Amino acid sequence: MTKNMIFESLVETVSAVDDDIDASVLRLDETPFHAYGLNSLSQLRLGLKLAELYGVPFDDSDSLLAVSPLGLVTLVERRLAGAA
């Protein structure tokens, strides 16, 4: 699973989590989620949905500590590698 594939899932999931967010502006970089308009609850839901989608373990704090798209994608990627 590549970073870009996980990022595509993240973009799709953002719309399901918060339909007020324009997912087309998301970039795979260190831009904080709050700069895109996601609040901490939306960020939490996003992380948990990705964890469920990929079958990786996540704590609530994992989603909140991964403060950017790149951070969250990297976390999912590492968890996937650890599960292999």
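The sections below set out a description of the structure shown in this document. Here the structure is a predicted model, which means the values were calculated and not measured.

What follows deals with the pattern of salt bridges. Throughout the structure, instances matching the rule amount to 2 salt bridges. In this structure, Glu77 and Lys3 form a salt bridge, with 2.4 Å as the shortest nitrogen-oxygen distance. Residue Glu77 is found in helix H4 (residues 69-83), and its partner Lys3 is found in helix H1 (residues 3-17); the two are separated by 74 residues along the sequence. Judged by relative accessible area, which is 25%, Glu77 ranks as partly exposed. Between Asp62 and Arg79 there is a salt bridge, with its nearest N and O atoms 3.2 Å apart. Of this pair, Asp62 sits in helix H3 (residues 60-65) while Arg79 sits in helix H4, and the two are 17 residues apart along the sequence.

Now for the environment of Ser42. Take Ser42: it is sitting in helix H2 (residues 40-54). Separated by 17 residues in sequence, Ser42 and Val25 have C-alpha atoms that sit 16 Å apart. With near-sequence residues (within four places) excluded, Ser42 lies in contact with Val17 and Asp18.

What follows concerns the packing of H1 against H2. Where H1 meets H2, the axes come as close as 9 Å, and the angle between the chain directions of the two elements is 130°. Put simply, H1 runs oblique to H2. Here the hand of the crossing between H1 and H2 comes out right-handed. In contact with Met5, Ile6, Ser9, Leu10, Thr13, Val14, Ala16 and Val17 of H1, H2 contributes Ser42, Arg45, Leu46, Lys49, Leu50, Leu53 and Tyr54.

Mapped onto the elements of the fold, Glu52 is located in helix H2. Between the C-alpha atom of Glu52 and that of Ser40, which follows or precedes it by 12 residues, the distance is 18 Å.

Once that is clear, we can look at H1. Along its 15 residues, H1 runs 20 Å from first to last C-alpha, staying within 8% of the 21 Å computed at 1.5 Å per residue. Among the residues of H1, those classed as buried are Ile6, Phe7, Ser9, Leu10, Thr13, Val14 and Val17. Down the axis of H1, the sector holding all buried residues measures 160°, keeping them to one side. Exposed positions of H1 whose direction lies more than 90 degrees from the buried face are Glu12 and Ala16.

Basis of the calculations
- Numbering of residues begins from 1 in every chain and follows the order in which that chain's sequence is written.
- Confidence filtering applies because this is a predicted model: local features only for residues at pLDDT of at least 70, side-chain atom pairs given and counted only at 80 or more, and all residues used for totals across whole chains, interfaces and linings.
- The side-chain numbers reported here are obtained from all heavy atoms of the structure, hydrogens and water having been left aside.
- One side-chain nitrogen of Lys or Arg within 4 Å of one carboxyl oxygen of Asp or Glu is enough to make a salt bridge.
- Each helix corresponds to a stretch of at least 4 residues labelled H or I by DSSP, and each strand to a stretch of at least 2 residues labelled E; elements are numbered beginning at the N terminus.
- We call a residue buried when its accessible area falls under 20% of the maximum for its residue type, exposed when it is over 50%, and partly exposed in between, using a 1.4 Å probe and counting protein chains only.
- Contacts: residue pairs with any heavy atoms within 4.5 Å of one another.
- Axis definition: a line fit to C-alpha positions, over the contact stretch in the case of helices; interaxial angles, taken between N-to-C directions, run 0 to 180 degrees.
- In these notes the angle categories are as follows: under 35 degrees is roughly parallel, over 145 is roughly antiparallel, 65 to 115 is roughly perpendicular, and the rest is oblique.
- When the near helix sits turned anticlockwise from the far one by under a right angle, the crossing is termed left-handed; a clockwise turn instead gives a right-handed crossing.
- Helix span is expected to be 1.5 Å times the residue number reduced by one.
- Directions pointing from the helix axis toward each C-beta atom define the arc.

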